[in-house]
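Letter by letter, the chains look like this.
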Amino acid sequence: MEIITGKTKLLGVMGDPIEHSLSPVMHNAAIQALGLDYVYIPFAVKSELLPQALAGLQALGVQGFNVTIPHKQTIINLLSEVSPLAQQVGATNTVWLTPSGWAGTNTDVEGFLTPLRKLNRPWSEIKPLVLGYGGAARAVVVGLIELGCPEIRVIGRNPEKLSSFAANWSQVRAYPTTSLPQLLRETELLVNTTPIGMYPHGEQSPLEADLVTLVQPGAIVYDLIYTPNPTKLLSDSQKQGAIALDGLEMLVNQGAIALEIWLQSPVPVEIMRQSLRNYLGL
Ligand code: NAP
């Protein structure tokens, strides 16, 4: 996008708040590198105005948009078509216009899986351990099921919320926090979906010093947080000999897959990654 013209096509991201979103940075970097006449802009939309926003974006000819907190789950009921994957997660983060209205899917799942697939492990023998049971954990669990993991172990601080989360998928087993030491000794893949350790609390970690020593050498530790980079969890785990995966990879890959859906052509993933690294000063 060199200049905005009368022909410029619109993409964007919808959420509340939206000021923190990094999506405009990486999508506009990709659009510019591809030399396309598109622009990707933020839309701040209050929950009670979501139906009006969808009608308005359609009337304005917006081609597609990402969806973030707090609309990922509620938007599902307002779409004319929802992919089976998004139904399985119970959330949509990517929407595009069809002749019959807005259609949606979930690219967080494949964005989460992209760096894992490169590691080529015997997934059907691995029982991952997931910390937290919020929105991101839903995409993580569906991704791990997709990968072929036979059992997904989830730990969280509120037993009621944890068991209601686990009830959604037969492969998920809920464990009390007291099981953490034993599960860490056994696990080959640990995923943090809690915000513990996220900026401005980079000194924190979901694993205290005594627990992180139980992370096994060679285990994969995947933290969905992307600032700071690396998080304390990742740097502590690397000291134990673990392989660290950071949230920036999930963020970049979910965005790249969304852009491919809208453009129906390959996108420059490395440019998207680099634009975020530059923006974040990494
Ligand atoms: P969410 O829906 O609010 O879920 C947060 C989860 O963490 C809940 O299970 C919550 O439990 C738990 N939690 C929060 N504070 C905790 C604490 N002090 N101790 C123990 N558990 C705690 O948030 P989300 O949308 O899933 O996002 C979670 C994290 O993932 C954020 O850091 C976000 O930036 C990151 N994320 C990254 C990407 C990416 O592309 N890399 C995508 C999505 C999310 P309670 O319900 O009991 O509070």
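Colleague: How would you explain helix H10 (residues 247–263) if you had to name every residue and give the values?
Modeller: With 17 residues, H10 extends 24 Å between its outermost C-alpha atoms, agreeing within 8% with the 24 Å of an ideal straight helix rising 1.5 Å per residue. H10 sits mainly inside the fold: 14 of its 17 residues count as buried. Where H10 starts, the residue carrying a side-chain oxygen 2.9 Å from the main-chain nitrogen of leucine 248 turns out to be aspartate 246. Glutamine 264 lies just past H10 and shows a positive phi near 55°.

Colleague: Just give me the short version of the side chain of threonine 187, but keep the residues and values in it.
Modeller: Relative to the helices and strands, threonine 187 is located in the loop between helix H7 (180–186) and strand E10 (189–192). Given the relative accessible area of 6%, threonine 187 is considered buried. Residue contacts for threonine 187: discarding those within four places in its chain leaves Lys127, Pro128, Leu129, Gln216 and Ala219.

Colleague: How would you summarise the nonpolar core if you had to cite specific residues and measurements?
Modeller: Counting 33 residues, the largest nonpolar core has Phe112, Leu116, Leu144 and Ile152 as its most contacted members. Only helix H4 (108–117), helix H5 (135–147), strand E8 (152–155), helix H6 (159–166), E10 and strand E11 (220–223) provide two or more residues apiece to this core. If one sorts the elements of this core by residue count, H5 sits on top with 8 residues. If near-sequence neighbours (up to four positions away) are discounted, leucine 116 is found in contact with Trp123, Leu144, Leu147, Leu189, Ile220, Tyr222 and Leu245.

About the criteria used
Residues numbered from 1 in each chain as written. Predicted model: local features only at pLDDT ≥ 70, side-chain atom pairs only at ≥ 80, totals over all residues. Heavy atoms only, no water. Helix = DSSP H or I, 4+ residues; strand = E, 2+ residues; numbered from the N terminus. Expected span 1.5 Å × (residues − 1). Buried < 20%, exposed > 50% of the residue type's maximum accessible area, 1.4 Å probe, protein only. Polar contact = N/O pair within 3.5 Å; in protein donor to acceptor, adjacent residues only side chain to side chain. Contact = heavy atoms within 4.5 Å. Core = buried A, V, L, I, M, F, W, Y, C linked by side-chain atoms within 4.5 Å.

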